[in-house]
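Summary of structural features
What follows is each chain in one-letter form.
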Amino acid sequence: MVRVRFAPSPTGHLHIGGARTALFNYLFARHNNGKFILRIEDTDRTRSTDEYIEAIIEGMKWLGLEWDEGPFRQTDRFDVYKDYVDKLLKQGKAYYCYCTPEELEQRRQEALGQGKSPKYDGRCRNIVQEFEGSKVRNAAVRFRMPQEGQTIVDDLIRGKVIFENDLLDDLIILRSDGTPTYNFTVVVDDVDMDITHVIRGDDHLNNTPKQMHIYKALGHETPLFAHLPMILGADKTRLSKRHGATSVMAYKEMGYLPDALVNYLVRLGWSCGDQEVFTREELIKYFSFENVGKAAAVFNPEKLLWLNSQYIIKSNPEELGELVMLFLENAGIIQKGQDIDRKWLSRAIETLQERAKTLVELANSLRYYIAEDVQYDAKAKAKFLNEKSKDLLAELKENLISLTDFSTAELEKVFKSIIEKYNVKLGALAQPVRVAMTGGTESPGIFEVLEIVGKEKTIKRLEKAIATIATVQP
RNA sequence: GUCCCCAUCGUCUAGCCCGGCCUAGGACAUCGCCCUUUCAAGGCGGUAACGCGGGUUCGAAUCCCGCUGGGGACGCCA
C-alpha cells in the first residue's frame with residue numbers, strides 16, 4: 001500500500017511550490033490507490049500559526065487535493081519525539097551539546113571566513129555525558145552521524161546520489177528548550193505513519209542522507225525518495241514574492257479556476273507526450289515519476305493564463321455563473337446578496353466564455369449586460385458616436401420599438417434592412433451600436449448583445465447615444 | 001568556501017536510459033495570413049533551441065570526461 005504525505009510548515013500561505021509538491025503526492029497516491037496524508041510540521045513554534053494552518057487547508061481544498069488522513073500536527077506529538085530522543089540518548093546514538101547558539105554562530109562565521117566548512121566541530125561529541133538519561137538544562141541534543149563511509153540516496157527521479165559521510169553534520173534533534181527539530185520529527189513521523197514514498201522539493205536532497213541515518217538508528221528501513229525540481233521565477237531564482245503572486249489563494253482572487261492551476265502546475269516538471277490539457281482523471285491515470293524532469297522550471301504566468309482561458313471555454317455556463325457571482329459583487333456590478341436570473345446569466349456567459357481569460361475579466365464584461373447604464377470610452381465615443389452614425393442609430397431605434405420578437409434572427413433582419421437602405425456596410429451600423437450598448441468597441445456579436453440586454457434597455461441606450469451626439473454637435 | 005543537483009527554442013517540454021528514423025516535435029508567447037459586424041475563439045504559416053571543448057563511434061541532442069553557466073544546501077528554520 002502506497003502511503004505518501006504532504007508536510008507543509010504553517011509559516012505562510014500555501015504557495016505555488018508547496019501546492020505542486022502536494023499535487024504530485026496526491027496524484028501518486030491516487031494513481032496507486034494509496035493514501036495521501038496531510039501533516040502540519042509546526043515544530044517551529046515561533047513562526048507557526050493557526051491562521052496559516054487554516055490557509056493551507058483552504059488552499060488544498062480549493063485545488064481539490066483531498067487527503068485521506070490528517071491533518072496531523074507535530075505539536076500534538078512532542079511526547080512521542082521525546083521518547084525517541086531518550087532512546088537514542090541511552091543507546092549513545094545521540095548526545096547532549098552544551099554549546100550555545102551564539103557560540104555556534106560565531107564558530108560558523110569563523111569557519112566560513114577561513115574558507116572552511118561551517119560544519120559543527122563536534123566538541124561535545126566525546127565529552128562525558130554526565131547527566132545521561134536525565135534532563136539537562138540548556139543542553140540541546142545532537143544526533144551522532146557516522147564520520148566515514150558513504151551514504152547513497154537512490155532517488156526515484158535522480159537516480160543514485162552519493163554523499164561522503166564525513167561531510168554529514170551532527171544535527172540537533174532536540175532544542176535546548178526541549179522541542180524537537182525538523183530533521184528528526186520528519187523521520188519519526190514518516191516511520192510512525194508508515195510512509196512509503198517521500199515526495200518533496202529538491203531543496204531537501206541534502207537532508208536525505210542525514211535522515212537515512214536517523215531511520216537506521218531508529219531501526220527502520222528508509223522509504224523511497226523522490227525529489228522534485230524547484231520552481232523558479234522569471235529571473236531563474238527561487239520563486240518568491242518578488243516574482244508576483246505566489247500564494248495559491250491569490251490566484252483564486254485573480255479569477256483563476258483551480259483545475260487550470262492544477263493543470264499548469266503538473267506540467268511544470270511533468271509531461272505526457274504532447275498533451276497539454278488534462279482532466280483530473282487523466283492526470284491520475286497517467287502520472288508517473290518516469291515522466292518527471294530533473295531540471296528546475298520557470299513559472300510562466302502567460303501559459304497559466306492561456307490554460308485558464310481554455311478551462312473557461314470548456315466550463316459549463318451554469319458553473320461559471322455560480323463562480324462569477326462573487327466577482328460581480330467585488331467589482332460592484334451587483335449588490336451583495338443581490339441575485340440575478342441564472343438562466344439569463346448563463347446565456348450572457350456563453351457569449352463571453354471565449355473572450356474572458358479569467359473570472360475577473362468575465363465579471364467585467366458582464367457589466368454591460370447587467371448595469372442600467374453604460375459609460376462611454378472616450379475614444380470609442382469620438383470615433384463612432386457622431387453625425388455619421390446619428391441617422392443610422394435613430395433609424396434602428398425606430399425599427400426596434402416596433403419589433404416584438406427581440407431575437408438574434410429578427411434583429412439581424414432589422415440591421416440588414418437598414419444597411420441596405422443606407423447602402424453601408426454592417427460595420428458602419430454595428431460599431432456605433434456596440435458603443436451605444438457597451439461603451440466600448442469590443443463585445444460579442446452585436447445581435448446577441450442586443451438580445452441579452454433586452455428591448456427596453458437597448459432602446460434606452462440607443463436614445464442616450466443619440467442624445468449624446470446631439471449635444472456634442474451644436 | 002565546501003557539498004549536492006541540473007543543462008534542448010524567450011518559457012514549459014518531447015526526444016536522451018536502448019546512439020542512426022532529428023532537416024530536433026508539441027505547447028505558451030511573438031509575428032504574418034485566413035475567417036469576420038468589433039474583440040476574441042478557431043484555422044494556416046513564420047521567427048526561434050541541442051551551452052562550450054575534448055573524446056568514444058562509420059555515425060552523438062543522445063554515451064564518457066572536462067569546463068562554463070544556473071539552482072540548491074551547509075540553522076537550537078522547515
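Described below are features of the structure shown in this document.

Rules of the game
- Residues numbered from 1 in each chain as written.
- Chains lettered and ligands numbered in written order.
- Predicted model: local features only at pLDDT ≥ 70, side-chain atom pairs only at ≥ 80, totals over all residues.
- Heavy atoms only, no water.
- Near = heavy atom within 4 Å.
- Polar contact = N/O pair within 3.5 Å; in protein donor to acceptor, adjacent residues only side chain to side chain.
- Helix = DSSP H or I, 4+ residues; strand = E, 2+ residues; numbered from the N terminus.
- Phe/Tyr/Trp six-rings, centres within 6.5 Å; stacked < 30°, edge-to-face > 60°.
- Buried < 20%, exposed > 50% of the residue type's maximum accessible area, 1.4 Å probe, protein only.
- Lys NZ or Arg CZ within 6 Å of the ring centre and 35° of its normal.
- Pairing = 2+ DSSP bridges.
- Axes fitted to C-alpha atoms, helices over the stretch in contact; angles between N-to-C directions.
- Expected span 1.5 Å × (residues − 1).
- Bend = angle between axes of the 7 residues up to and from the residue.
- Core = buried A, V, L, I, M, F, W, Y, C linked by side-chain atoms within 4.5 Å.
- Domains from an automatic or database assignment.
- Contact = heavy atoms within 4.5 Å.

**Considerations on the protein's contact with RNA strand B**
Taken together, 63 residues lie near RNA strand B, and Thr43, Gly115, Arg175, Glu354 and Ser443 sit nearest. When atoms of RNA strand B within 4 Å of the protein are sorted by moiety, sugar and phosphate together comprise 71%. Asn206 is positioned such that a nitrogen or oxygen atom in its side chain is 3.0 Å from a base nitrogen of RNA strand B. Here a base oxygen of RNA strand B and a side-chain polar atom of Arg355 are 2.6 Å apart. Among the secondary structure elements, those contributing two or more residues to the surface near RNA strand B are helix H4 (101-113), strand E7 (159-164), helix H5 (182-192), strand E12 (297-298), helix H10 (301-314), helix H17 (426-438) and helix H18 (446-453).

**Brief notes about the packing of aromatic side chains**
Under the criterion given, the structure shown has twelve aromatic pairs. When the ring of Tyr251 is compared with that of Phe299, the centres are 6.2 Å apart and the planes differ by 65 degrees; the resulting orientation is edge-to-face. Linking Tyr251 in helix H7 (residues 248-253) with Phe299 in the loop between E12 and H10, this pair joins segments that are 48 residues apart in sequence. Phe299 shares its class with Tyr251; the two are buried. Taken together through their ring pairs, the aromatic side chains of Phe24, Phe28, Trp270, Phe278, Phe287 and Phe289 make up a single cluster. Over the ring of Phe24 we find Arg20, and its NZ or CZ is 5.3 Å from the ring centre. Taking NZ or CZ as reference, Lys87 lies 5.1 Å from the ring centre of Tyr84, over its face.

**What to know about the sheet that holds strand E8 (residues 172-174)**
With antiparallel pairing, three strands are arranged side by side in an open sheet as E4-E5-E8. For this open sheet the edge positions go to strand E4 (94-97) and E8, each flanked by a neighbour on one side alone. Here the strands of the sheet are splayed against their neighbours by 45 degrees on average, with no regard to which way each runs. As judged from the four bridges shared by E4 and strand E5 (residues 140-143), these two strands associate in the antiparallel manner. Looking across to E5, one finds that Tyr96 is bridged to Val141.

**Focus on helix H11 (residues 317-330)**
The terminal C-alpha atoms of H11 lie 20 Å apart, and with 14 residues this matches the ideal 20 Å at 1.5 Å per residue to within 8%. Roughly 35 degrees is the biggest bend found in H11, and it falls at Val324. All of the buried residues along H11 are Pro317, Leu320, Gly321, Val324, Met325, Phe327 and Leu328. One side-chain oxygen of the residue at the start of H11 lies 3.1 Å from the amide nitrogen of Glu318, identifying that residue as Asn316. After H11 finishes, the residue Gly332 shows a positive phi value of roughly 75 degrees.

**So, helix H2 (residues 50-63)**
At 3.6 residues per turn, the α-helix brings residues three or four places apart onto the same side. Look at H2: 20 Å from first C-alpha to last across 14 residues, which is about the 20 Å you get at 1.5 Å a residue. Considered for burial, the residues of H2 that qualify are Ile53, Ala55, Ile56, Ile57, Gly59, Met60, Trp62 and Leu63. Of the residues one or two after H2, Gly64 is the one with positive phi, at around 75 degrees.

**What about the nonpolar core?**
When a protein is soluble and globular, its nonpolar side chains tend to lie buried together. Within the largest apolar cluster, 108 residues are counted, with the highest numbers of intra-cluster contacts made by Met60, Phe299, Leu328, Leu366, Tyr369, Leu400 and Val433. Ranked by the residues each element gives to this core, the list is headed by helix H1 (residues 16-31), at nine residues. When residues of this core are assigned to domains, at least three fall in each of domain 1 (315-370) and domain 2 (378-472). Setting aside residues no more than four positions away along its own chain, Tyr369 makes contact with Trp344, Ala348, Thr351, Leu352, Pro444, Val449, Ile452, Val453 and Lys457. Counting residues in each nonpolar core, the second largest holds 34 residues, with Leu88, Tyr96, Met145 and Val191 among its members.

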